[in-house]
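Chains, contacts and geometry: an overview
So you can see what is in the structure, the chains are spelled out below.
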Amino acid sequence: MPTFHSATVTEILAEREGLQRLAVRMQDGSDARAYCLTELTGDAAPGDRVVCNTTAVELGLGTGGWHVVHWNLERSDLVAPGPDHVMKLRYTSLQADVGTSELAHPEQADRRLGGTPVVVCTLHSQMAVVAAAFSDASRGRRLAYVMTDGAALPIAMSDLVAALRDRDLLVGTVTAGHAFGGDLEAVSPASALTLATHVLEADAVVVAMGPGVVGTSSALGTTSVEAAGLLDTVQRLGGRPVLCVRCSEADERERHRGVSHHVHTALSLTHCRPVVADVAGTLDAGVRAACEPLVPATTPAAAEILGRHSLAVTTMGRGPAEDPPFFDAAVGAGVLAAQLTD
């Protein structure tokens, strides 16, 4: 069950479209930090009394120590009409009409992908490495990001997406399912892929959940299994499915050493045979048997690519120097997607 506590905003630490980072003083006098999702609750100002959902911090979950503003007590009402009638976060107190791009572009929403390569990731951090590598290898081709609702729902929560947009590494974003805040809003991942290809006019697409993957020690108990359905959907829509393999030589958990068990589980559930980048040290016999390994034309160093774009990307706190296979696999997937656009 959730836990809520009131607090007073003491400072605006940072803000961008859809998101404020706040310093707050809790009711017990302690200082804390909180996110304010302005599309749902409006903005906040120093001195405002707010109600915060403190559940994740109290459970020690991976929110980085941030509470979430649930409501601003200085506001007696909030009226922010949307463009149509389809809700996201349906049947919750924060349900919102954020718009639905299938209604705005009915002629595009049911089109096929026409061979467009789509890189499917199982972690949000992979997406940024794929985007940087694609940009360097693609000679000006256009990459769009589709964010599923497998983890964080507001795209404004992603520092990586904000950084990629600032550096013109994405032509646009589409939020699918209950995820929201993208340039386009889609009811399903399938239509999100077609909207990315035909409305954003992307030459390639990278699809991944937002920050905050959920995993357990069980094979099926993870949001990463969404990759299986996404790969099949890409193939059925006439795209070229590319799997970004999650692998590690530094993860303390045995199930994620080498190729992650999440990858093997997703491959056991998919009906298609996706392309994977054949980069030394990133594949095992199981992946090779279930996929179509292709050698990327080049495999530049991840640290060099990320440095060139001034991007700081980590996985469980590890960068390219601490866990080379993880980043090499994502670079290979980005380069391969660029090759497949030719």
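Check the entry above for the structure.
Quantities reported herein were computed from a predicted structural model and do not represent experimental measurements.

1. A look at the packing of aromatic side chains
All told, the structure shown has two aromatic pairs when counted by the stated rule. Relative to Phe327, the ring of Phe326 has its centre 5.3 Å away and its plane inclined at 70 degrees; by these criteria the two rings are edge-to-face.

2. With respect to the sheet that holds strand E3 (residues 31-36)
Pairing is mixed around the closed barrel formed by five strands, whose spatial order is E1-E2-E3-E5-E4. Between one strand and the next, the sheet's axes are offset by a mean angle of 55 degrees, whatever the strand orientation. Note that strand E1 (residues 4-16) and strand E4 (residues 49-53) share five bridges and pair antiparallel. Bridging across to E4, Phe4 finds its partner in Asn53.

3. Brief notes about unusual backbone geometry
Positive phi outside glycine occurs at Tyr91, with the angle close to 65 degrees. Looking at the element boundaries, Tyr91 is found in the loop between strand E6 (87-88) and strand E7 (96-97).

4. Examining the pattern of salt bridges
A complete count under the given rule lists 13 salt bridges for this structure. Put simply, Arg141 and Asp342 hold a salt bridge, and the shortest N to O gap is 3.6 Å. Residue Arg141 is found in the loop between helix H4 (124-137) and strand E9 (143-148), and its partner Asp342 is found in the segment after helix H11 (324-340); the two are separated by 201 residues along the sequence. With a shortest N-O distance of 3.5 Å, Arg240 and Glu292 are connected by a salt bridge. Placement of Arg240 in strand E13 (residues 240-243) and of Glu292 in strand E17 (residues 292-294) is noted, with a sequence separation of 52 residues between them. Judged by its relative accessible area of 29%, Glu292 falls in the partly exposed class. Among the ionic contacts, a cluster of salt bridges with common partners joins Arg16, Arg21 and Asp159.

5. With respect to the pairing of strand E12 (residues 204-209)
Every other side chain in a regular strand lies on the same face of the sheet, so the side chains alternate between the two faces. Among the six residues of E12, six are classified as buried, and the element is accordingly described as predominantly covered. Judged by which residues are buried, E12 turns out to be covered on both faces: Ala204, Val206 and Ala208 on one side and Val205, Val207 and Met209 on the other are all buried. The pairing of strand E8 (residues 117-120) with E12 spans three bridges and is classified as parallel. Across the sheet, the residue bridging to Val119 is Val206, located in E12. Relative to E12, E9 runs parallel, the two sharing six bridges. Its bridge partner being in E12, Leu143 is matched across the sheet by Ala204.

6. Thoughts on the packing of H4 against helix H5 (residues 159-166)
One way to put it is that H4 packs onto H5 with a least axis distance of 10 Å and a crossing angle of 15 degrees. Judged by the inter-axis angle, H4 sits roughly parallel to H5. Along this stretch, H4 crosses H5, giving a crossing that reads as left-handed. Every residue of H5 that contacts H4 at His124, Ser125, Met127, Ala128 and Ala131 is listed here: Leu160, Val161 and Leu164. Grouping the constituent residues of the contact of H4 with H5 by class yields six nonpolar, two polar and no charged.

7. Things to note about the nonpolar core
Judged by nonpolar contacts, the single largest core of 44 residues is most densely connected at Val119 and Tyr145. At the level of secondary structure, the elements contributing two or more residues to this core comprise H4, E9, H5, E12, strand E16 (275-277), helix H10 (302-308) and H11. Per-element tally for this core: the top contributor is H11, with nine residues.

8. Concerning H5
Where H5 is concerned, the buried positions are Leu160, Val161, Ala162, Ala163 and Leu164. Residue Ser158 occupies the N-cap position of H5, its side-chain oxygen lying 3.4 Å from the main-chain nitrogen of Leu160. Immediately downstream of H5, the backbone of Asp168 shows phi near 60 degrees, a positive value.

Conventions we followed
Residues numbered from 1 in each chain as written. Predicted model: local features only at pLDDT ≥ 70, side-chain atom pairs only at ≥ 80, totals over all residues. Heavy atoms only, no water. Phe/Tyr/Trp six-rings, centres within 6.5 Å; stacked < 30°, edge-to-face > 60°. Pairing = 2+ DSSP bridges. Helix = DSSP H or I, 4+ residues; strand = E, 2+ residues; numbered from the N terminus. Axes fitted to C-alpha atoms, helices over the stretch in contact; angles between N-to-C directions. Salt bridge = Lys/Arg side-chain N within 4 Å of Asp/Glu carboxyl O. Buried < 20%, exposed > 50% of the residue type's maximum accessible area, 1.4 Å probe, protein only. Parallel < 35°, antiparallel > 145°, perpendicular 65-115°, else oblique. Left-handed = near helix turned anticlockwise from the far one by under 90°. Contact = heavy atoms within 4.5 Å. Nonpolar A, V, L, I, M, F, W, Y, C, P; charged D, E, K, R; others polar. Core = buried A, V, L, I, M, F, W, Y, C linked by side-chain atoms within 4.5 Å. Polar contact = N/O pair within 3.5 Å; in protein donor to acceptor, adjacent residues only side chain to side chain.

So yeah, pure geometry; function would need other evidence.
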